[in-house]
Amino acid sequence: MRHARSFLLAGVLLAAGGARAQEAVEHHVTFYSRAGGQVYLSEARTTGGLGGGVGVRDTLGERLILQADLSYLMMLGNVGVLRLGAGLQRPGTYTPAVLLTLSTFFGDRLAFLSPEHPTPVGNAALALGVSLAPVRFTHQGFQVSVLELGVGVGSDLPGLGLSYQLGLLEIGTTF
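1. Observations regarding the confidence of the model for the chain
In low-pLDDT segments, the atomic positions of the prediction should not be examined closely. Averaged over every residue, the pLDDT of the chain is 88; residues scoring 70 or more account for 87%. Taken as a whole, residues 3-10 scores under 50 in pLDDT and shows zero contacts with residues more than four places along the chain or in a different chain.

Dropping the structure here:
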């Protein structure tokens, strides 16, 4: 009975401590617009181009980033890219970041027929990659990123595809 009370007391203390820790995490929601280019290349298809988009980012405790953005790209037809990302940033005014991203390319594409792909690939291209934003600043609720570089890999079975990303400018405001 005595051990049961000790375990109960320890459980209550852990729950109370966990609740306080959850309360201490601050969320900063940022709406942003971006301009740049993204392309997906494989033996079966090529898609992408240059354009811009909009997104939303949640920053947890000034370090952890969760974000989603949607871009419209032109050059190889009309292409949409939905990009989901999670990563880390440096706290403060100079806030470089690194993100793990999942990009989905949908819309027009150039299709290539080969013995491995005798018919055009019909589904959206998916690429899992890494993005680096080394020139990124946050000040009084505004964020600016001047350069973002990313690379990813996708699967066009059989075979692999590569995704390249170049973000030229990203401007956001935090609420």
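2. Comments concerning the pattern of salt bridges
Following the criterion strictly, the structure yields seven salt bridges and no others. For Arg 83, the salt bridge goes to Asp 69, with nearest N and O atoms at 2.7 Å. A residue pair is termed long-range when its members are at least 10 positions apart, and Arg 83 in strand β4 (residues 78-89) and Asp 69 in strand β3 (residues 64-75) qualify at 14 residues. Look at Asp 69 and you get buried, because its relative accessible area is 2%. Sharing partners across several salt bridges, the network here consists of Arg 34, Arg 57, Asp 69, Arg 83, Glu 148 and Glu 170.

3. Observations regarding the pairing of strand β5 (residues 97-107)
Here β4 pairs with β5 via eleven bridges, running antiparallel. Across the sheet, the residue bridging to Arg 83 is Ser 103, located in β5.

4. Quick notes on the packing of aromatic side chains
Per the stated rule, a full pass over the model turns up three aromatic pairs. Seen from their ring centres, Tyr 40 and Phe 105 are 5.8 Å apart, and the 45° between their planes marks the pair as tilted. Taken together, the positions of Tyr 40 in strand β1 (residues 27-42) and Phe 105 in strand β5 put the pair 65 residues apart, joining distant regions of the chain. Overall, the relative accessible area of 0% leaves Tyr 40 in the buried class. Taking the centre distance of 5.5 Å and the plane angle of 45° together, the rings of Tyr 94 and Phe 137 count as tilted.

5. Regarding the nonpolar core
The biggest cluster of nonpolar side chains holds seven residues, and these are Tyr 40, Leu 73, Val 79, Val 81, Phe 105, Ala 125 and Ala 127. Residue assignment for this core shows that the elements contributing at least two residues are β4 and β7 (125-139). Residues within four places of Leu 73 in sequence aside, it is in contact with Gly 36, Gln 38, Gly 48, Gly 49, Leu 50, Gly 51, Asn 78, Val 79 and Val 81.

6. Quick word on the pairing of β3
Where strand β2 (residues 45-60) lies against β3, twelve bridges are found, and the strand directions are antiparallel. Its bridge partner lying in β3, Arg 57 is registered against Gln 67. As consecutive antiparallel partners, β2 and β3 are separated by three residues, and within that stretch Gly 61 has a phi angle of approximately 60°, a positive value. The sheet contact formed by β3 and β4 spans eleven bridges and is antiparallel.

Cut-offs and rules
Residues numbered from 1 in each chain as written. Predicted model: local features only at pLDDT ≥ 70, side-chain atom pairs only at ≥ 80, totals over all residues. Heavy atoms only, no water. pLDDT = per-residue confidence, 0-100. Contact = heavy atoms within 4.5 Å. Salt bridge = Lys/Arg side-chain N within 4 Å of Asp/Glu carboxyl O. Helix = DSSP H or I, 4+ residues; strand = E, 2+ residues; numbered from the N terminus. Buried < 20%, exposed > 50% of the residue type's maximum accessible area, 1.4 Å probe, protein only. Pairing = 2+ DSSP bridges. Phe/Tyr/Trp six-rings, centres within 6.5 Å; stacked < 30°, edge-to-face > 60°. Core = buried A, V, L, I, M, F, W, Y, C linked by side-chain atoms within 4.5 Å.

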